[in-house]
Amino acid sequence: MRLLGILGIWLAKVLSGKGAAAGLLILCVWLEGRKLERQGRDRDRELAQGAKALVKKNLAWVLAAAMGVSTLVSYGLLRFFGYRHSGLLALGMLMLGAGITAVRLHRAEKNADTEE
């Protein structure tokens, strides 16, 4: 039963991390659009060309912030449900998630290099 609870908390961690990442990416694109508006450039053209570069430039910061938010959520849930060593469990979930993300990013970079 405890293992099922940890799996449920892991699912909540993943979903909160994805939600935080999506929200931060939307915020980055919105802020870039506001900056371009103030500079008087053609917003649609610049934003369409720069959105991909903007996401690539800020991806590491967005992922780190999203992992932090999701780790805090998982820690809170672990504490709420009475798990002992909830800090260590949350830290372990963070490390596992960071490792999986690093492998996925590395594979995506390798695939992008072979396509070019």
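Let me begin by describing the structure that accompanies this report. This is a predicted model, so every value here is computed, not measured.

1. Here's the deal with the side chain of Thr71
Relative to the elements of secondary structure, Thr71 occurs in helix H2 (residues 43-80). A polar contact of 2.7 Å, which involves the side chain of Thr71, links it to the backbone oxygen of Met67. When neighbours within four sequence positions are excluded, Thr71 is seen to be in contact with Lys13, Ala90 and Leu94.

2. Topic: unusual backbone geometry
In most cases, non-glycine residues show a negative phi, while peptide bonds are predominantly trans. Phi is positive for His85, which is not a glycine, with a value near 55 degrees. Here His85 lies in the loop between H2 and helix H3 (86-115).

3. Comments concerning the packing of aromatic side chains
Across all of its chains, the model carries 1 aromatic pair by this definition. With a centroid separation of 5.1 Å and an interplanar angle of 80 degrees, the aromatic rings of Phe80 and Phe81 are classed as edge-to-face. Judged by relative accessible area, Phe80 falls into the exposed class, the value being 67%.

4. Concerning a nonpolar patch on the surface
Among the surface-exposed residues, Met1, Leu3, Leu4 and Leu7 lie close enough to one another that they form a single nonpolar patch of about 530 Å² accessible area. Its place among the elements puts Met1 in the segment before helix H1 (2-39).

About the thresholds
- Residues numbered from 1 in each chain as written.
- Predicted model: local features only at pLDDT ≥ 70, side-chain atom pairs only at ≥ 80, totals over all residues.
- Heavy atoms only, no water.
- Helix = DSSP H or I, 4+ residues; strand = E, 2+ residues; numbered from the N terminus.
- Polar contact = N/O pair within 3.5 Å; in protein donor to acceptor, adjacent residues only side chain to side chain.
- Contact = heavy atoms within 4.5 Å.
- Phe/Tyr/Trp six-rings, centres within 6.5 Å; stacked < 30°, edge-to-face > 60°.
- Buried < 20%, exposed > 50% of the residue type's maximum accessible area, 1.4 Å probe, protein only.
- Patch = residues over 30% accessible without salt bridge, like charges linked within 9 Å, V, L, I, M, F, W, Y side chains within 5 Å.
- Areas by Shrake-Rupley, 256 points an atom, 1.4 Å probe, with all protein chains shown as cover.
- Salt bridge = Lys/Arg side-chain N within 4 Å of Asp/Glu carboxyl O.

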